[in-house]
Structure formats: structure tokens, C-alpha cells
Number of protein chains: 2
Amino acid sequence: MAKEKNEKNSENEKVTFNIDKDKNFSEWFTEIIKAAELADIRYNVKGFLVFQPWSVLSMESMYDLFEKELQKKGHKPYWYPSLIPESNFMLEKDHVEGFAPEVFWVTEHGAGEKFEERLALRPTSETAFYQMFALWIRSYRDLPFKTYQRAQVWRYETKATRPFLRSREFYWIETHNAFASLEDSKNQVKEDMETTETVLHQKLGVPYIFFERPAWDKFAGAVSTFGADTLTPDGKTLQLPSTHILGQNFSKPFNVVFKDKDGSEKLTYLNCYGPCISRIFAGVIATHGDNSGLVFPFEIAPVQIVIIPIAAEKDPAVLKMANKLKDELFENGYRIEVDDSDKTMGEKFYYWEMKGIPLRIEIGPKELKENHIVIFRRDTKKKEVLNPADLIDYIEKTAKKEIIKNLRERADAKFKEKLKSAKDIEELKKYLEERNLVRINFCSLEKDGEECAGIIEKTLTAKIRGKRADIQENPSGNCVVCGKKANVVAYAAKEY
Amino acid sequence: MAKEKNEKNSENEKVTFNIDKDKNFSEWFTEIIKAAELADIRYNVKGFLVFQPWSVLSMESMYDLFEKELQKKGHKPYWYPSLIPESNFMLEKDHVEGFAPEVFWVTEHGAGEKFEERLALRPTSETAFYQMFALWIRSYRDLPFKTYQRAQVWRYETKATRPFLRSREFYWIETHNAFASLEDSKNQVKEDMETTETVLHQKLGVPYIFFERPAWDKFAGAVSTFGADTLTPDGKTLQLPSTHILGQNFSKPFNVVFKDKDGSEKLTYLNCYGPCISRIFAGVIATHGDNSGLVFPFEIAPVQIVIIPIAAEKDPAVLKMANKLKDELFENGYRIEVDDSDKTMGEKFYYWEMKGIPLRIEIGPKELKENHIVIFRRDTKKKEVLNPADLIDYIEKTAKKEIIKNLRERADAKFKEKLKSAKDIEELKKYLEERNLVRINFCSLEKDGEECAGIIEKTLTAKIRGKRADIQENPSGNCVVCGKKANVVAYAAKEY
């Protein structure tokens with residue numbers, strides 16, 4: 001057996017999943033959710049999903065990655081109530097305007113006894129956190145005050161809902177932090193961007209650009225909003241984590257003050273950051289999946305390794321060896337399964353490929369005799385032959401590092417291809433139709449640029465995502481819409 | 001320095017927490033929640049808490065312990081919607097009667113647009129899970145079908161709320177499982193009891209007895225209910241996990257059927273199990289805490305080891321050594337802190353004792369010179385002297401095992417002392433006043449015993465908890481209330 005060989009021999013078997021992901025992404029996405037049992041959309045409340053084990057196990061790992069990173073950076077975990085009194089919302093004008101239309105309201109209990117005041121199912125938790133900050137923060141010694149919670153939030157979305165991408169209940173982490181100065185809160189935004197890079201890009205392999213959003217597209221109540229956009233294969237931007245400089249917009253109405261070194265009382269500066277786990281999960285599967293189904297990064301795979309015993313009915317030693325390996329891998333902390341069902345080998349191969357398990361191990365009488373095992377990597381679809389004694393070493397030293405590196409590099413290359421620069425509106429139109437993220441000269445991201453953005457939205461159904469937050473780009477020329485002198489380099493794309 | 005010495009020298013320092021837990025448990029409980037910053041009750045929705053890092057970190061570890069155990073036993077994790085349509089509730093008569101008075105209802109969204117049907121914030125999720133079971137379960141091959149979710153639930157409690165013990169929003173795990181036979185579902189109840197023993201007793205050190213509840217005290221919709229009762233220091237029972245045989249009460253209205261081997265369609269038998277994490281946390285701190293504050297089992301301590309550098313201002317090598325140790329322990333997976341604040345040594349000792357950290361390490365110039373460290377165990381309040389090179393070994397081999405063993409044995413002994421047998425109503429009264437869990441001869445746990453239970457509740461403010469599920473006990477004599485021939489050995493106690 002060659003050291004590496006393509007998987008040819010199973011081509012004749014039954015195909016369980018085969019959709020051209022790049023051409024028909026929408027169909028691919030809908031079908032893989034069903035086929036891999038990621039979520040069931042048949043629950044009888046509109047816009048709500050039942051998340052199934054194959055997504056939950058992975059999203060739990062994603063929670064772990066983000067939470068460990070946040071804890072390392074000094075954020076402490078809290079669990080806040082899901083209900084927020086209506087009067088809390090009223091305290092920040094932009095916030096209530098932005099969120100009130102989307103709130104689910106609890107108005108009564110039991111047989112219909114009304115609450116004195118309506119209670120919001122939190123659509124986000126600024127107005128829950130900051131009233132407590134006001135009780136807890138006393139002095140400059142308490143700052144920075146860095147917190148987070150893992151939680152679900154509810155928003156009555158009026159746009160069409162799509163599983164993971166946009167639903168009326170979703171799972172996220174929200175950090176909320178108080179600082180003594182605007183400068184400190186801006187540094188927190190930088191740190192949030194580093195957290196995003198570490199987890200989203202390095203560990204999950206999802207490429208993105210952080211944009212500072214235009215004035216008309218900020219988080220309701222924020223001074224500045226920075227959103228990390230990735231691109232789905234159909235060329236739409238998907239906002240993954242966003243981080244917000246809230247200035248003193250919330251600390252003023254909620255009276256989040258501190259006594260400074262000089263004894264004077266000052267308002268704190270607040271910041272929040274929101275990695276949405278269920279949406280990032282969509283980003284991960286949209287980025288790495290292929291025509292055969294899901295492809296999971298090793299670290300967040302619901303099952304990381306599947307062992308397929310071959311011709312086990314002919315030789316009882318095969319299953320014994322498979323289970324021995326399973327126990328050994330389990331002891332070493334891996335999520336592992338042995339598929340000893342009565343499906344055919346081909347069915348098993350296709351099924352677990354569709355499910356996206358990073359490593360498949362094949363053991364049969366031949367392998368036993370020759371004291372080797374065959375390992376199939378889902379990301380490369382290549383096989384390797386190994387001595388079983390080298391397996392743990394292979395996983396630790398090769399698979400764990402190589403797989404994510406390969407996935408990330410592949411995704412980065414694709415993402416880079418989708419970045420185009422358009423010199424005029426025709427070229428912008430063409431690039432948008434070709435499903436790209438398009439760099440343009442643009443008049444302004446302040447209030448006075450909203451009209452041009454409106455024209456792009458109306459005529460090209462695309463949105464201005466903002467300007468890059470990672471690098472400084474200088475405009476040269478005129479706004480591709482109004483022809484006035486451009487004062488910014490902006491990016492436009494279709495949106496999810 | 002002696003190998004072991006009592007902590008005497010800090011007695012002159014400021015005492016931060018000192019409440020007689022056994023005599024004034026209610027005060028102790030209220031004050032430790034505040035002092036250790038476990039939860040803040042000042043949130044402005046009645047009966048709702050903000051859980052703070054010192055409880056959240058510990059409860060996250062508790063989730064881990066339970067979830068690992070459940071996954072090992074074949075339960076798969078799901079995330080269900082928090083909202084359940086009112087019509088789902090209506091399908092099981094007893095269930096709706098039991099839960100409808102406690103439901104928080106979502107009735108509208110946005111500016112006040114009404115939903116066609118009221119949506120319940122789930123008080124428990126039978127009526128969410130089983131409609132999906134009906135879609136997923138097809139054949140006997142799909143059984144047993146074992147699931148769970150970690151989630152919060154909401155109940156509009158009319159009794160006085162108390163943090164962790166009874167609040168209107170609480171954090172739990174609920175398992176929901178379908179079987180081909182009643183026998184299989186009864187075996188699941190046994191397995192749930194084993195899970196309880198493994199986690200609650202072995203790993204968390206909380207003693208309890210599983211009681212089969214009287215007919216009038218079953219879970220709404222259950223055939224039989226089994227509840228694990230522990231005792232708080234004020235002699236009240238606290239129900240920790242409960243497990244329920246639901247028979248076909250839910251599978252019938254929700255049509256959870258399967259095709260059996262013989263091709264016939266049959267109703268499944270359902271079971272559910274509910275370890276309430278926030279309540280078990282109350283059980284853990286109530287069981288192990290002492291007059292100086294919290295005492296955490298090592299495995300779930302929010303911080304497991306605190307290092308106190310002594311006289312660090314005189315010798316920079318002290319802090320260096322402290323941080324070196326910290327890094328080493330962190331690398332080994334421990335939750336660790338160095339307290340280099342400018343508090344006095346005594347303040348630090350009392351503070352971290354109050355917070356319940358299992359191990360305290362003291363390092364000063366003397367220790368550096370003699371190449372040893374002093375370790376203080378919170379559970380025994382004894383000190384030991386160690387060579388730093390032996391530290392990891394000490395933690396792994398001694399501390400991790402010894403601490404929980406000591407806590408469990410101490411708690412078991414106390415619990416055992418509280419078990420009394422009363423031969424008549426006077427003795428029952430006396431033992432209840434002395435805050436015990438009291439064994440009595442009782443007429444019946446079926447419907448016809450409810451009157452006698454009512455008399456006990458009215459005259460002695462105690463409740464019949466049921467009969468032991470772990471051992472078979474045979475009555476000999478007459479019911480202590482009505483004097484009729486007893487047909488069961490029951491237990492009575494005050495209740496939380």
C-alpha cells in the first residue's frame with residue numbers, strides 16, 4: 001500500500017451527500033443542516049430551532065475556546081437574568097429605538113395576572129449589566145472591570161430567519177467592561193480584535209476583516225462599532241463578533257461612576273464585545289465544508305476520530321483492536337467513536353465524511369496482520385499508513401496542527417480572491433454580481449454619506465460595511481456614487 | 001517548624017466572617033452569599049439573581065461533572081427553544097395543572113403586537129422535547145433514545161424566594177429519554193440514581209437519600225417520582241436531583257411511537273431526570289461550609305489554590321518564586337491565584353478562608369531559604385510543610401483525593417446523626433423540633449394517606465418525603481397519625 005493514496009475505491013458506493021457548495025450554497029447549507037442533523041427547524045415556534053448534538057457538541061467546544069481566552073485576559077463570568085424591565089431600556093435613547101421593535105415581552109404569569117411593567121426577554125444585556133456595575137464599582141482600584149456571560153438572547157427578527165445565520169433565539173457570549181478612560185476602552189477594542197484573531201482565525205480557520213461601521217450602522221447606543229465580516233461562498237458578508245465603544249452613553253443614565261485617585265467622581269467608559277457562537281458555527285461550516293458535506297477543525301469536531309472496523313465479522317480480533325484503540329484515544333482526551341453498525345463500508349465512509357469528522361481510522365484483517373492502520377484525513381481526503389504505536393504522536397504533532405493550518409490557509413486564499421477594488425460604479429456592480437467584497441472610494445462614513453450608501457443598497461442590493469479597522473487606507477479619487485471627493489476607502493458587499 | 005500545626009498566629013487579626021453555621025444557618029447562608037460575592041439579589045426583577053464569578057465558575061465545573069457522566073452513559077446534548085406554545089402544555093392534563101400557575105407568559109413583541117398564542121418561558125421541557133421525539137423516533141433500533149440539555153428554566157414561585165435554593169430563574173440539566181418498555185425506563189431511574197451517587201455524593205460530598213414520593217407529591221404528569229433529599233444545617237430537607245417515570249402519559253398525547261421488531265406500532269415509555277445545578281450549589285455550600293465561611297471541594301473550587309507571598313517587599317525573590325509556582329500549577333491545569341495585594345497577611349488568610357479555597361500556599365524569605373513551602377488545607381485547617389518539588393505530587397495524590405474524602409465523611413456522619421426513628425407523634429414532634437429527618441410508621445403513600453400527611457403538615461409544619469428508594473423497609477405497627485395499621489415506613493421533615 002502506498003504511503004498516500006486517493007480514496008478511489010469507494011466511488012462506486014452510495015452517495016449520501018453531493019451538492020456543489022460554491023454554485024448552490026443556499027441549497028448546500030439547508031441540506032447539510034438536515035443531513036448532518038445539526039438543527040431541526042420543525043419546532044412549532046416560528047424562527048426557533050432545536051439544536052441537535054452534532055452542532056451542540058461543537059458549539060460547546062467553541063464556547064470553551066472563547067471563554068478560556070476571555071478568562072485569560074481577565075474577564076470574569078456572570079449569569080444575568082434573562083428578563084429586563086422595560087424601564088431599563090428607556091434609559092438610553094438610541095438603544096431603545098434600536099432594540100424595542102425586536103423585543104419579546106413577558107407581560108403576565110399564571111392564569112393571566114399582569115406584571116406591573118413589561119419584562120423584556122433580553123435582546124442584549126447592556127441595560128441589565130450596567131445597573132449592577134453602578135452598585136459594584138466604587139473606585140479607580142476597581143477598574144478595569146471586565147466581565148462576560150455565556151447566554152442566549154432573543155430578537156423578534158422581521159427578516160426571513162435562517163438556521164444559525166439569523167434566528168429569533170441565538171447563543172452568544174457578551175463581554176461588558178468598564179474603564180477609567182476612553183483610551184483604555186479603545187485598548188479593549190484592540191484586545192477584542194486579538195481575541196477574535198486567536199479564536200476565529202487561528203483556531204477555527206475563519207478569515208475576516210474588521211470594519212469600523214458607518215455612522216448609520218452602529219450598534220444602538222454605541223459611539224463606534226467594529227464588526228468582523230467573513231464571506232459566505234455566495235459572496236455575502238456575515239458579521240461575526242462585533243465590539244463597541246460605548247463611551248459614556250450608558251454610564252451616564254445608569255450612573256456607573258468611580259472615585260478617581262484625586263478623590264473626584266467620574267463617569268466610566270464602557271465597552272462590549274459579542275461573539276455569537278451559533279452564528280460563528282455557521283461561519284465555520286460555510287467556510288470549510290465541501291461538496292461531500294461538513295469539514296470540522298479538529299479542536300471543535302463533535303467527534304474527532306471515527307474508527308471503522310473492516311471485515312470484522314470474519315475476524316473478531318479486528319473489533320477488539322478497534323475498541324482497544326478507542327479506549328486508548330478516549331483516555332488521551334479525544335472524542336472518539338467506533339462504527340460497528342451493519343452498514344456497508346462505503347456507506348460508513350460517506351456518512352462520516354458528510355458529518356465532517358477530521359480523522360477516520362480503518363482497521364481490517366490485513367492491517368492487523370501487517371501491524372498498521374490506515375488514517376484518512378477529511379480535509380485533504382488523503383490516506384496515510386501508520387504504525388498504531390505512532391498514532392497518538394501523529395494526532396498530537398501532525399493532525400491537530402496540520403488540519404487547522406491547511407483549512408485556514410485554504411480559506412484565507414479563497415477570501416483573498418474575493419477582495420476586489422472597483423474604480424467606478426459599473427465595476428462595483430460587476431464585482432458584486434461576481435459575489436465579491438469590493439473596495440471603493442467613498443464620500444463619507446459619517447451621516448453625510450448615508451445617501452450614497454442608500455443608492456448602493458437600492459440599486460445594487462449591497463451594503464457599505466465600513467472602513468478597515470486593521471489597516472489605514474487612503475482614498476485617491478472621487479466617491480464612486482456621487483463623484484464628490486472621496487474621504488474614505490470603504491467596502492461594499494451583499495449581506496446575510 | 002512542626003510537620004503540622006494549627007493556625008494560631010492569625011487569631012489576633014481582623015475577622016471577616018464568623019457566624020455559627022449550625023445555630024444560625026439562615027443568617028450564615030444570607031451573609032456568605034454577600035461576603036463571598038456568590039450572587040447579588042439587588043437586580044430589579046423580583047426573584048431573579050445575578051450570579052457572580054465565585055458561584056458561576058464553580059457551577060460551570062458542576063455542569064462539566066454532570067454532563068461528562070451523562071455523556072458517558074449515552075445521553076446526547078441538545079439546546080431546545082426557551083419558548084413553548086401554550087397548546088403544547090394543554091396536551092397532558094396533570095402537567096398543565098401542575099405548571100400553568102407558575103408560567104411566565106410571552107404575549108407580545110415590539111410595540112405591543114400580540115402573538116396568536118401565548119408562549120411559555122419553559123418551566124420544564126417535557127412538552128418541548130416530546131413533540132420532537134415523535135418526529136425523530138421511528139423504530140426499536142432508535143431506542144433507547146437518551147438526551148439532555150443544560151438550560152435555565154423559569155417558574156413564577158409564589159413561596160418566598162431564596163438565592164440558589166428557590167428562585168424564579170434557575171440553572172439545571174434535564175435529561176429526557178424514550179424506551180421500548182416500562183422495565184427499561186425503570187432501569188434508567190436506577191442509572192439516574194447511580195449518576196447522582198457518582199457526582200453528588202462521591203465528587204461533591206453531599207449526602208442524601210432517594211425517596212419515592214407520595215402519590216400527592218409527584219412531578220406533574222409522572223407515574224412515579226424519586227427525589228434525592230439532603231438536609232441543611234437547620235434540619236430542612238432540600239430536594240436535589242429528582243428522576244421520574246413518566247410511563248406513557250406524555251408519549252400518548254405527543255404520539256411518541258416506534259415500530260417494534262414484530263412490525264407493530266407501540267407507544268414509548270418516557271423518563272426524565274433533573275439535577276438543578278444552582279440548587280445543588282446551595283447544597284454543597286450548606287453541607288461543607290463552616291463558621292469561617294465557604295469550604296469548596298477541590299474539583300469545583302472557583303480557585304483551587306491561592307499563593308500568599310510573605311514579606312515580599314523585603315525580598316523580591318519571594319514574589320518571583322510565587323509566580324514561578326503559579327505558572328507551573330497553571331500549566332498543570334489548576335485554577336490558581338497569587339494574592340500580592342497590599343492587605344495584611346492576616347486579612348489575606350481570613351479572606352481566602354472565607355472564600356473557601358481548598359489549598360493555600362505560603363512562601364516567605366524563611367521558606368525560600370529552607371527550600372520549603374507551607375500548605376494550609378481549608379477543610380482541616382491544618383498546615384503542612386513541603387518541598388516545592390513535591391507540590392504537584394502532593395496535590396494530585398493527596399489533596400485531590402483526601403479533601404473530598406474528608407468532606408464527604410464528615411458530611412455523611414452529620415447526616416447519619418440526623419436520621420431518627422419516632423415511635424409516636426410526640427416523638428416525631430420532638431425529633432422534628434431538633435431538626436431531624438424522621439422515620440415513622442405510616443398508613444399509606446397512596447391517595448388514602450394524604451389526610452394523615454395533611455395533619456403532619458398542619459400541626460408540625462413538616463412534610464412526608466416518601467419511602468426510601470435505596471432500601472426496602474418494612475413497617476411494624478401502626479400509623480403514628482391515624483393509628484391504623486401502617487403499610488409503609490415513611491420519612492417526615494421540615495422542607496425548604
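Residues numbered from 1 in each chain as written. Chains lettered and ligands numbered in written order. Predicted model: local features only at pLDDT ≥ 70, side-chain atom pairs only at ≥ 80, totals over all residues. Heavy atoms only, no water.

1. Notes on the packing of aromatic side chains
- For the coordinates displayed, the defined rule picks out 61 aromatic pairs over all chains.
- When the centroid spacing of 5.7 Å and the interplanar angle of 10° are considered together, the rings of A:Phe104 and B:Phe115 count as stacked. Of this pair, A:Phe104 sits in strand S6 (residues 104-109) while B:Phe115 sits in strand S7 (residues 113-121), on two different chains. As far as burial versus exposure is concerned, A:Phe104 and B:Phe115 are alike and both buried.
- Here the aromatic rings of A:Tyr130 and A:Phe250 are separated by 5.7 Å at their centres, their planes lie at 65°, and the arrangement is edge-to-face. Of the two residues, A:Tyr130 sits in helix H5 (residues 126-136) while A:Phe250 sits in the loop between strand S12 (236-247) and strand S13 (257-259), which places them 120 residues apart along the sequence. Comparing A:Tyr130 with A:Phe250 shows no difference in burial state: the two are buried.
- A network of ring pairs unites the aromatic residues A:Tyr78, A:Tyr80, A:Phe129, A:Tyr130, A:Phe133, A:Trp136, A:Phe145 and A:Phe250 as a single cluster.
- The lysine or arginine in question, A:Lys343, covers the ring of A:Tyr351, its NZ or CZ lying 3.8 Å from the ring centre.
- The ring of B:Trp54 has B:Lys355 sitting right over it, with the charged end atom 4.4 Å from the ring centre. (Phe/Tyr/Trp six-rings, centres within 6.5 Å; stacked < 30°, edge-to-face > 60°. Helix = DSSP H or I, 4+ residues; strand = E, 2+ residues; numbered from the N terminus. Buried < 20%, exposed > 50% of the residue type's maximum accessible area, 1.4 Å probe, protein only. Lys NZ or Arg CZ within 6 Å of the ring centre and 35° of its normal.)

2. Brief notes about the relation of the copies chain B and chain A
- Each copy of the sequence occupies a distinct position, and chain B is placed on chain A by a rotation of 180° and an axial shift of 0.0 Å, giving an RMSD of 0.0 Å. Expressed as a symmetry operation, the mapping of one chain copy onto the other fits a two-fold axis. Residue B:Val106, judged by its C-alpha, is the member of chain B lying nearest the rotation axis, at 2.1 Å.
- By residue overlap, the copies meet face to face through one surface: 100% of the interface positions of chain B are interface positions in chain A. (Least-squares fit on C-alpha atoms with pLDDT ≥ 70 in both. Contact = heavy atoms within 4.5 Å.)

3. Re the domain arrangement of chain A
- Partitioning chain A into structural domains gives domain 1 (25-288), domain 2 (303-401) and domain 3 (419-495).
- Between domain 2 of chain A and domain 3 of chain A, the C-alpha centre-to-centre distance is 50 Å. (Domains from an automatic or database assignment.)

4. Things to note about the interface of chain B and chain A
- Taken together, the contact pairs 57 residues of chain B with 57 residues of chain A.
- Here chain B and chain A share an interface that buries about 5000 Å² over both sides, 62% of which is from carbon and sulfur atoms.
- Here chain B is connected to chain A by four salt bridges.
- Here A:Glu108 ties to B:Arg118 by a salt bridge, and the two come within 2.7 Å at their closest N and O atoms.
- Across the chain B-chain A interface, the total number found is 27 residue pairs in polar contact (both at pLDDT 80 or more).
- Take the side of chain B that touches chain A: its biggest share by element is seven residues, from helix H2 (residues 53-72) of chain B.
- In terms of strand pairing, S6(A) meets strand S6 (residues 104-109) of chain B through five bridges, oriented antiparallel. Note on S6(B): the bridge partner recorded for A:Glu108 is B:Trp105. (Buried area = accessible area lost by both parts, 1.4 Å probe. Salt bridge = Lys/Arg side-chain N within 4 Å of Asp/Glu carboxyl O. Polar contact = N/O pair within 3.5 Å; in protein donor to acceptor, adjacent residues only side chain to side chain. Pairing = 2+ DSSP bridges.)

5. Description of the nonpolar core
- A:Tyr80, A:Tyr130, A:Phe133, B:Tyr80, B:Tyr130 and B:Phe133 are the most contacted members of the largest nonpolar core, which totals 84 residues.
- If we skip the residues at most four places from it in the chain, A:Phe133 touches A:Tyr80, A:Phe145, A:Thr147, A:His176, A:Asn177, A:Ala178, A:Val256 and A:Leu270.
- Counting 60 residues, the second-largest nonpolar core is a separate cluster that includes A:Trp28, A:Ile33, A:Leu294 and A:Ile357. (Core = buried A, V, L, I, M, F, W, Y, C linked by side-chain atoms within 4.5 Å.)

6. Looking at the packing of H2(B) against helix H7 (residues 277-288) of chain B
All names here are of chain B.
- Following both chains from N to C, one finds H2 and H7 inclined at 110°, their axes separated by 10 Å at the closest point. Judged by the angle between their axes, H2 and H7 are roughly perpendicular. Facing H2, whose interface residues are Ser55, Ser58, Met59, Met62, Tyr63 and Phe66, H7 presents Ile277, Ser278, Ile280 and Phe281.
- Its residues assigned to classes, the contact of H2 with H7 shows seven nonpolar, three polar and no charged. (Axes fitted to C-alpha atoms, helices over the stretch in contact; angles between N-to-C directions. Parallel < 35°, antiparallel > 145°, perpendicular 65-115°, else oblique. Nonpolar A, V, L, I, M, F, W, Y, C, P; charged D, E, K, R; others polar.)

7. Looking at the layout of surface pockets
All names here are of chain B.
- The calculated volume of the second largest pocket comes to roughly 1400 Å³.
- Taken together, 45 residues make up the lining of the second largest pocket; nearest its centre are Phe99, Glu102, Arg155, Asp217 and Lys218.
- Secondary-structure elements contributing two or more residues to the lining of the second largest pocket are helix H4 (93-99), strand S9 (169-179), strand S12 (236-247), strand S15 (269-273) and strand S23 (463-468).
- At six residues, S12 tops the list of elements feeding residues into the lining of the second largest pocket.
- Looking at the lining of the second largest pocket residue by residue, the class counts come to 17 nonpolar, twelve polar and 16 charged. (1 Å grid on protein atoms, 1.4 Å probe; cavity = no way out; pocket = protein on both sides within 12 Å on 5 of 7 lines; lining within 4 Å. Points joined across faces, edges and corners; volume = space filled by probe spheres on them.)

8. Quick look at the sheet that holds strand S7 (residues 113-121) of chain A
- Strand order in this open sheet of six strands is S5(A)-S7(A)-S6(A)-S6(B)-S7(B)-S5(B), and the pairing throughout is antiparallel. Whereas interior strands pair on both sides, the edge strands pair on one side only; in this sheet they are strand S5 (83-85) of chain A together with strand S5 (83-85) of chain B. The sheet shows a mean angle of 45° between the axes of neighbouring strands, taken without regard to direction.

9. A word on helix H8 (residues 316-331) of chain B
All names here are of chain B.
- In this model, H8 (16 residues) spans 23 Å end to end at C-alpha, consistent with the 22 Å of a helix rising 1.5 Å per residue.
- Within the sequence span of H8, burial applies to Val318, Met321, Ala322, Leu325 and Leu329. Looking down the long axis of H8, one finds its buried residues gathered within 100° of arc, a one-sided arrangement. For H8, exposure combined with an orientation more than 90 degrees from the buried face picks out Pro316, Lys320, Lys324 and Glu331.
- Looking at the buried positions of H8, the neighbouring elements they touch are strand S16 (305-309), strand S17 (336-338), strand S18 (359-363), helix H10 (365-370), strand S19 (373-377) and helix H11 (391-417).
- Gly333 sits one or two residues past H8 and shows a positive phi near 90°. (Expected span 1.5 Å × (residues − 1). Arc of directions from axis to C-beta.)

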